[in-house]
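Structural overview for review
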Amino acid sequence: MSARIFTRTNPSALKQCLTRTSALARSTRAAAPSASLFTFRSPLEAPTGKLYEGHIPISPLQRAILAVGSAFTALANPLRGDMVAALGETTSGIFLNRIRDQMLQDPEGRRILRERPIITSETMQLDTLRQLPDGTFGREYVRFLDDQQVSPDTREPVHFVDSEELAYVMQRYRETHDFYHTLTGLPVTVDGEIALKWFEMAQTGLPMTMLSSFFGPLRLSSEERERLFNVYVPWALENGSTSKLLMNVRWEEWMEKPVEDVQRELGVRPCPQV
Amino acid sequence: MAAIRFQSTEATKAATTTEEYDVVIVGGGIAGSALACALASAKASGTLKVALIEAFDLSNHINFSPRPDQYSNRVSSLTPKSVAFLKKIGVWSELDLSRVAACEGMQVWDGVSGARITFDAANVDGVQSSFLHQVFSGNVPTPPGVNNNTNQETLDSSNKEASPLAWMTENLHVQYGLQKQIVGHQARGIKLDVFEKTKVQGITTGQGESAQLPKGDWPAVQLDNGKTLVTRLLVGADGVNSPVRSFAKIESLGWDYSQFGLVATLQIDPSTSTAPGQGRGIAWQRFLPTGPIAMLPLNNGYASLVWSTTPKIAQDLKKLPARDFCALVNAAFSASPAELEYLYKNIGPDGQPLVDFQKEIEWRTGVRDAEMSQTMVRGSSSSQGDDKPPRVVDVQENTRAPFPLRMRNSSSYVEDRVVLVGDAAHTVHPLAGQGLNQGLADVECLTRVIETSLLSGSDIGNIHSLTPYSSERFLPNLAMLGTVDKLSKLYNTDFGPVVWARSLGLTAVDKMGPIKNEIMRFAMGLEEPSNRT
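Keep in mind that what you see is a predicted model, and the values were worked out from it rather than measured.

A word on the overall build of chain B
Tallying secondary structure elements over chain B gives 15 helices and 21 strands in all. Residues classed as buried in chain B amount to 52% of the 533 residues present. Expressed as a percentage of contacts within chain B between residues at least 6 apart in sequence, the contacts between residues at least 24 apart total 78%. As displayed, chain B has an accessible area near 23,400 Å², and 54% of this comes from carbon and sulfur atoms.

See the structure below:
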């Protein structure tokens, strides 16, 4: 069974509802911006204005409702990419700070934050990558995209993160997801995706990864669960914690290297094939 | 009591001259010199024969004649209580007030969360004694906010001029005032002998039978100039490693902080501060996880820096080129701890930065400012953001100096014929600017106690005469040490739940006027007026 989690771009009914209610709130109440986390602010008002393209400012109350609602929806139907995205954005606010701070410690990570490269089929030049020799990272990456019949353009944009830089960090995190598959060799099955979430949890500590890691397996068959916990999870925890922080990697510049070299330099062993 | 012998550089067996004194003060620092002045200026104690011993040359104190564009890097904040004492002993009038800066306000904030508390001298209630002081002095306290002073005149006159929170001036400047007073007293005929450039070689006391002879139990101080001073009362004002304290076998309890304090004299551009009045007279302190960084106001566009941080960072900061050092200090007041971590890591072993500090800091400042302005686009007029301290434009050459930070308290301040004042008795973290003030409070109290003993005909060196000093000073000093220590530990972490709790607490206290008032008055040392004769 193969599942592609992040493909949906249709705005959900819930999101449209949110847009309407925030517009209503804005028009009826005075603005109350906060300079620091600890200034008292009403739970019914969004703390900032629109900070970037696609930003939907929501109040703390809306955020709480969205977090709970999207959690249940995503658990019931993991194919709802927009719900998974919403869950990630409403719960990961504080931890995106941590990823960004880790990126600030690394020269390559700082370059990414400064230049903010975007990954689309255009910027990746997929046709050029297809011409690369077999066994190079770029060739295997495009092979993976073609097999799954997906493209890097189908990611859900970021809506609910109240900071331009952190929204970019979230977007980069999503966009680099396909590279993680190519790097680790994990299949795009449900248990493969969950294994990758365990890997990311070991790396980043994002709560969304923890939610997927702990609740996702509930949906698996017992055989798949066994494979997950006996093979994939130990591998994921070991490699996730010892490898270089993948958010600091400028994937665009590693395309011509052989996959083994990339794995070696980043400190990741390919996952066991079962 | 035991004897301590130090290594003597001269094997002198020649007949040593012995002189008798009533009080011998070991240590000519601010505490020791202030005690000498205070004793000389009081009526009864002015008849005592006092000696002041100092190992270093005091001439650079009495010859203090600095340029208006240079400030020494050892600057202290003097509370109103300390200033009142200095006025009383005639030192304040000797000072050049153009080199004394009034601190009218303080802004203190959390480097991780941004939670802030602001103190303004104008809000301090001038009349009533601090509740906490009343508690520690053993009086029946009146609750904060209740004004039971029925003297209307006192009320009106005290509130007319709000006192600054503190005055900032160089330690050398205060030393200068003290030495001038000492010379003045000597000229008046007061028996005050100063032994400068003189080291103490040993302190002994009579043992066994000789202790039974008259004055046999008096401490004898052997100086390296061959003299021996025998004294009724020995005062240890000789700093944190006090030999007098060791002689008296008094234990010093406490710990070393894994932090060094780096001081420096900064040149600032007041026009860059967003605080009212361009931040003149405002002290700024930001708590970083590595330790607090503080900028204390001086006059004429200068400021004093006290940055408590890890030993490695303190040493690196000293070696950095001036331009990068100033950029880093500015960043330390605004950038996130993660951003600062990156910069600390990129200081080479010779002190040269491994990356372009200016560029990196500019980039991060740009990102931060963009987010701030976006956040305020929706805002009403109240959204000014937090006040910013003035930008540092230069650092005075050779003023960057690190020193280790520690907390110490002696198990006792008094022994038979021995008393400790100042750093010899207690050492505190500099984050609250209290150390010197505690020392001056000790001196003021001891002078009073000695006066009282004299007037009642007691032996000033007898431990029973000295106990009132210990009772009065021990608990307040301990309380201050403990509070400052807990604050230092509370802010030494960036662990999420602790940050959240302390920020919530700080923000809450910032909104509670009466409590802030109490804190300010406690820190300023304000007490009930004329509580004592």
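Focus: the packing of helix H3 (residues 80-88) of chain B against helix H12 (residues 435-455) of chain B
Residues and elements named next belong to chain B. Running from N to C, H3 and H12 cross one another at 45°; their axes reach a closest spacing of 9 Å. Put simply, H3 runs oblique to H12. The way H3 lies across H12 gives a crossing that is left-handed. Together, Lys81, Ser82, Phe85 and Lys88 of H3 and Asn437, Leu440, Ala441, Val443 and Glu444 of H12 make up the contact between the two elements. Per-class residue counts for the contact of H3 with H12 are 4 nonpolar, 2 polar and 3 charged.

Considerations on the domain arrangement of chain B
All names here are of chain B. Annotation of chain B at the domain level lists domain 1 (6-103 + 125-251 + 411-492) and domain 2 (256-402). Residue-level contacts link 24 residues of domain 1 with 28 residues of domain 2. In total, about 2,000 Å² of surface goes out of reach between domain 1 and domain 2, with carbon and sulfur atoms giving 55% of it. The largest contributions to the domain 1 side of the interface with domain 2 come from Tyr71, Asn73 and His429, which together make up 32% of the buried area. Linking domain 1 to domain 2 there are 0 salt bridges.

Quick notes on the UniProt feature "binding site: Zn(2+)" (unreviewed entry) in chain A
All names here are of chain A. Residues given the UniProt feature "binding site: Zn(2+)" (unreviewed entry) here are His177, Asp178, His181 and Glu193. A compact arrangement is adopted by the annotated residues: their sequence extent is 17 residues, whereas the largest C-alpha distance between any two is 10.7 Å. Inspection of the secondary structure puts His177 in helix H10 (residues 177-184). Taking the relative accessible area as the measure of exposure, His177 reaches 4% and is therefore buried. At 3.3 Å, the side chain of His177 and the side chain of His181 are in polar contact. For Glu193, a relative accessible area of 8% corresponds to the buried category. In this structure the side chain of Glu193 is engaged in a polar contact, spanning 3.0 Å, whose partner is the side chain of His177.

So, unusual backbone geometry
Residues and elements named next belong to chain A. Even without a glycine there, the phi angle at Arg116 is positive, about 50°. Tracing the backbone through its elements, the reader meets Arg116 in the loop between helix H5 (107-115) and helix H6 (121-124). A positive phi angle is found at Gln125, which is not glycine, with a value near 50°. Structurally, Gln125 can be placed in the loop between H6 and helix H7 (126-130). With relative accessibility at 49%, the residue Gln125 sits in the partly exposed group.

Structural notes on the packing of helix H4 (residues 93-104) of chain A against helix H9 (residues 164-175) of chain A
Residue and element names in this part refer to chain A. The geometry of H4 relative to H9 is characterised by a closest axis approach of 10 Å and an angle of 85° between their N-to-C directions. Considering their axes alone, H4 and H9 lie roughly perpendicular with respect to each other. For the pair formed by H4 and H9, the contact residues are Gly93, Leu96, Asn97, Ile99, Arg100 and Met103 on the first element and Glu165, Leu166, Val169 and Met170 on the second. Of the residues that constitute the contact of H4 with H9, the class distribution is 6 nonpolar, 2 polar and 2 charged.

About the thresholds
- Residues numbered from 1 in each chain as written.
- Chains lettered and ligands numbered in written order.
- Predicted model: local features only at pLDDT ≥ 70, side-chain atom pairs only at ≥ 80, totals over all residues.
- Heavy atoms only, no water.
- Helix = DSSP H or I, 4+ residues; strand = E, 2+ residues; numbered from the N terminus.
- Buried < 20%, exposed > 50% of the residue type's maximum accessible area, 1.4 Å probe, protein only.
- Contact = heavy atoms within 4.5 Å.
- Areas by Shrake-Rupley, 256 points an atom, 1.4 Å probe, with all protein chains shown as cover.
- Axes fitted to C-alpha atoms, helices over the stretch in contact; angles between N-to-C directions.
- Parallel < 35°, antiparallel > 145°, perpendicular 65-115°, else oblique.
- Left-handed = near helix turned anticlockwise from the far one by under 90°.
- Nonpolar A, V, L, I, M, F, W, Y, C, P; charged D, E, K, R; others polar.
- Domains from an automatic or database assignment.
- Buried area = accessible area lost by both parts, 1.4 Å probe.
- Salt bridge = Lys/Arg side-chain N within 4 Å of Asp/Glu carboxyl O.
- UniProt positions renumbered as here; feature names shortened; annotations may be inferred.
- Polar contact = N/O pair within 3.5 Å; in protein donor to acceptor, adjacent residues only side chain to side chain.

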